[in-house]
Amino acid sequence: MDDVAADVIAIIAKRVPAEKRNVSMTDRLEDIGIDSFGAVEMIFDLEEKFDVQISYNSNDARLDLETVGDVIGAIKNHLAGRL
Amino acid sequence: MIHRVVVTGWGVVSSIGHTAAAYWTNLSRGVSGIADATIIPTDQLAQKVVAEVKDFDPHKYFDDRQATTLDRVSQFSVVAAREAIGHANISFGEGLSERTATIIGTGVGGQKTQDESYKRLYQERAKRLHPLTIPKLMVNAPASQVSMHCGLRGPCFAVASACASATHAIGLAFHLVRSGGATCAITGGSDACITFGTMKGWEAMRVMAPDTCRPFSRDRKGMVIGEGAAVIVLESLEHARQRSATILGEIVGFGMSSDASDLLSPDEGGMVRALEGALADGRLSPSEIQYVNAHGTGTAANDETETKAIKRTFGQHAGKLAISSNKSMIGHALGAAGALELVATLMAIQEATVPPTINYLGPDPMCDLDYVPNEARPLPIEAALSNSFAFGGLNAVLAVRRP
């Protein structure tokens, strides 16, 4: 696992109940207990960690980022776009 | 002794008018007060739209000395209180001043003063702040300034319960007059927190709409921050009759509850307990209500949960209710919202017209009641409710009747 993936997983793991902290790439955020405000806090942590801006409105029907792997991919896209 | 409590005056400072008359004209025509902010820089804001009180010139209402002692939030409360007292045509001599309560809700008090002061300290490295920094930003300033400017010497305090502040304030004032603890009350709410700091705080919650507020509509994108004030004059029915006052409406019930669950997510059960509490306090059966002035913030969660709570409270009758959200026009005026919306409810009764929920694009399957979309509707109203539900799980509902 690369550094970005490890950092993203650590941030996500912080937001989930102790018994679900063994987070894998294919886990769906909803299934591991990231609710709408948990997602807001997770995105804040990601923005602070990677110095990126992620557009997200909690009123939209569902999070575009469905799985842990989606979040890692999105962060990598943001970082690539910045270079 | 239990007194009946009537409304004999109102005053409004809003994003759609600086007087009560202008407010109603625009509410009933479905005029939006939502636009790009002009009182703060927007270049660093993700959401630039607000419902601000446009072209508000404090010098129209206060001399230089007075204006410098008042944060914008207190300027609003005093201007609205003066209008309400003038509208009620009441004077506070001969002992009445001591028997008149002043109870004003506000979410956060003098945010403009706080924001500007901290900017001076942290950014501009100023060595000192203005001597009136604390008395301008304190959360009771809007209430204290009303008592001072209007000469009211009875009980005076602020109520802070976020978005329910004004409804809690009016509810407490109603119960105080009903119980005989005060003969009159000047009550309502004021907020003026469109500052760079607070807007960044709201932005961080990811609940703000980028374009406008669309309560109960499909494709709604969240709330829009507003500001303003509304103040009403309450008095016992006997007192109003003695002085031959024009009676504008009667407050009959107040219900409140707390969710004691989530800090942010609305709770149907808590809402229902406040709705049922207001009906019971007013000795009203659900079928006696024709209109509900909804909290209707335009967030996905509030509007769906409020719809469920109304259905559970009213049963079959829910489908017959006219329901509308003023926030579609005036945004969410936070600690002033409940007062602006109660005045709108009383005006709707007086004018037999329900103000619309504008910006409505079409039904959301989870919001399937009659929200009076986009155009005002003529409707004789005998009794109505006004809802406020706050962050922190605080719920407050007022019940009013035609005089």
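Refer to the structure presented above.
Residues numbered from 1 in each chain as written. Chains lettered and ligands numbered in written order. Predicted model: local features only at pLDDT ≥ 70, side-chain atom pairs only at ≥ 80, totals over all residues. Heavy atoms only, no water.

Brief notes about the interface of chain B and chain A
No. 1: The partner chain A presents 11 residues to the 13 residues of chain B that form the contact.
No. 2: Summed over both partners, the interface of chain B with chain A buries about 820 Å², with 41% contributed by carbon and sulfur atoms.
No. 3: The largest per-residue losses of area from chain B upon contact with chain A belong to Arg206(B), Lys221(B) and Leu264(B), which jointly make up 66% of the total buried on that side.
No. 4: The interface formed by chain B and chain A contains 2 salt bridges.
No. 5: Asp60(A) is paired through a salt bridge with Lys221(B); the nearest N and O atoms lie 2.7 Å apart.
No. 6: Applying the counting rule to chain B against chain A returns 9 residue pairs in polar contact (both at pLDDT 80 or more).
No. 7: By residue class, the composition of the side of chain B that touches chain A is 7 nonpolar, 3 polar and 3 charged. (Contact = heavy atoms within 4.5 Å. Buried area = accessible area lost by both parts, 1.4 Å probe. Salt bridge = Lys/Arg side-chain N within 4 Å of Asp/Glu carboxyl O. Polar contact = N/O pair within 3.5 Å; in protein donor to acceptor, adjacent residues only side chain to side chain. Nonpolar A, V, L, I, M, F, W, Y, C, P; charged D, E, K, R; others polar.)

Topic: the side chain of Thr307(B)
Residue and element names in this part refer to chain B.
No. 1: As for its placement among the helices and strands, Thr307 is situated in helix α11 (residues 300-314).
No. 2: On the accessibility criterion, Thr307 (1% relative accessible area) is buried.
No. 3: A distance of 2.7 Å separates the side chain of Thr307 from the backbone oxygen of Asp303, its partner in a polar contact.
No. 4: A distance of 2.8 Å separates a polar atom in the side chain of Thr307 from a polar atom in the side chain of Tyr371.
No. 5: Setting aside its immediate chain neighbours within four residues, Thr307 contacts Phe216, Met366, Cys367, Asp368, Leu369 and Tyr371. (Helix = DSSP H or I, 4+ residues; strand = E, 2+ residues; numbered from the N terminus. Buried < 20%, exposed > 50% of the residue type's maximum accessible area, 1.4 Å probe, protein only.)

Description of the packing of helix α1 (residues 20-29) of chain B against helix α13 (residues 337-351) of chain B
Residue and element names in this part refer to chain B.
No. 1: Relative orientation of the contacting elements α1 and α13 amounts to 75°, with a least axis distance of 11 Å. Regarding the angle of α1 to α13, the classification is roughly perpendicular. For the pair α1 and α13, the contacting residues are Ala20, Tyr23, Trp24 and Leu27 in the first and Leu340, Glu341, Val343, Ala344, Met347, Ala348 and Glu351 in the second.
No. 2: Residues that form the contact of α1 with α13 fall into these classes: 9 nonpolar, no polar and 2 charged. (Axes fitted to C-alpha atoms, helices over the stretch in contact; angles between N-to-C directions. Parallel < 35°, antiparallel > 145°, perpendicular 65-115°, else oblique.)

Side note on the sheet that holds strand β6 (residues 184-191) of chain B
Sheet strands associate in pairs through backbone hydrogen bonding, adopting either a parallel or an antiparallel arrangement.
Residue and element names in this part refer to chain B.
No. 1: Judged by pairing direction, the sheet is mixed, and its 10 strands sit side by side in the order β5-β4-β6-β7-β1-β8-β14-β13-β9-β10 without closing on themselves. Of all strands in the sheet, those bounded by a partner on one side alone are β5 (156-159) and β10 (322-324). Strand after strand, the sheet turns through a mean of 25° between neighbouring axes, direction not considered.
No. 2: Two strands pair when backbone bridges link them, and strand β13 (residues 383-390) and strand β14 (residues 394-401) are joined in this way by 8 bridges, in the antiparallel orientation. Looking across to β14, one finds that Asn387 is bridged to Val397.
No. 3: Contacts from helix α7 (residues 165-179) reach β1 (5-13), β4 (100-105), β5, β6, β7 (228-236), β8 (249-258), β13 and β14, with the element oriented near 120° to β8. (Pairing = 2+ DSSP bridges.)

Some points on the pairing of β7(B)
Residues and elements named next belong to chain B.
No. 1: Within β7, 9 of the 9 residues are buried, leaving the element largely enclosed by the surrounding structure.
No. 2: In β7, alternate side chains face the same way, and those of Gly228, Ala230, Ile232, Leu234 and Ser236 on one face and Ala229, Val231, Val233 and Glu235 on the other are all buried.
No. 3: Pairing of β1 with β7 involves 8 bridges; the strand directions are antiparallel. Opposite Val6, over in β7, you have Glu235 as the bridge partner.
No. 4: By the bridge criterion, 8 bridges tie β6 to β7 in an arrangement that is antiparallel. Bridging across to β7, Ser190 finds its partner in Ala229.

A closer look at the packing of helix α1 (residues 3-14) of chain A against helix α2 (residues 36-50) of chain A
Geometry of a packed helix pair, given as the angle between the helix axes and the separation of the axes.
All names here are of chain A.
No. 1: Orientation of α1 relative to α2, taken along the N-to-C sense of each, is 145°, at an axis distance of 9 Å. Handedness of the crossing formed by α1 with α2: right-handed. Counted together, Val4, Asp7, Val8, Ile11, Ile12 and Lys14 of α1 and Met42, Asp45, Leu46, Lys49 and Phe50 of α2 form the full contact between these two elements.
No. 2: For the contact of α1 with α2, the residue count by class is 7 nonpolar, no polar and 4 charged. (Left-handed = near helix turned anticlockwise from the far one by under 90°.)

A word on the pattern of salt bridges
Residues and elements named next belong to chain B.
No. 1: Under the counting rule described, the total for this entry stands at 28 salt bridges over all chains.
No. 2: Between Glu235 and Arg243 there is a salt bridge, with its nearest N and O atoms 2.6 Å apart.
No. 3: For Glu235, a relative accessible area of 0% gives the class buried.
No. 4: A salt bridge links Arg377 to Asp370, with the shortest nitrogen-to-oxygen separation between them at 2.6 Å.

Structural notes on α7(B)
Residues that lie three or four places apart on an α-helix share one face, since the helix turns once every 3.6 residues.
Residue and element names in this part refer to chain B.
No. 1: Counted at 1.5 Å a residue, the expected span for α7 with its 15 residues is 21 Å, and the 21 Å between its end C-alpha atoms agrees.
No. 2: Burial within α7 is extensive, with 11 of its 15 residues counted as buried.
No. 3: For α7, every residue scored as buried is listed here: Ser165, Ala166, Thr167, His168, Ala169, Ile170, Gly171, Ala173, Phe174, Val177 and Arg178.
No. 4: Positive backbone phi, at 90°, marks Gly180, one or two positions downstream of α7. (Expected span 1.5 Å × (residues − 1).)

Some remarks on the nonpolar core
Residue and element names in this part refer to chain B.
No. 1: Counting residues in hydrophobic clusters, the biggest one holds 67 residues, and the most contacted among them are Trp10, Tyr23, Ile232, Leu234 and Ile251.
No. 2: Apart from the residues within four sequence positions on either side, Ile251 is in contact with Val5, Val7, Ile170, Phe174, Ile232, Leu234, Leu342, Leu398, Ala399 and Val400.
No. 3: Counting 29 residues, the second-largest nonpolar core is a separate cluster that includes Val13, Leu70, Val79 and Cys150. (Core = buried A, V, L, I, M, F, W, Y, C linked by side-chain atoms within 4.5 Å.)

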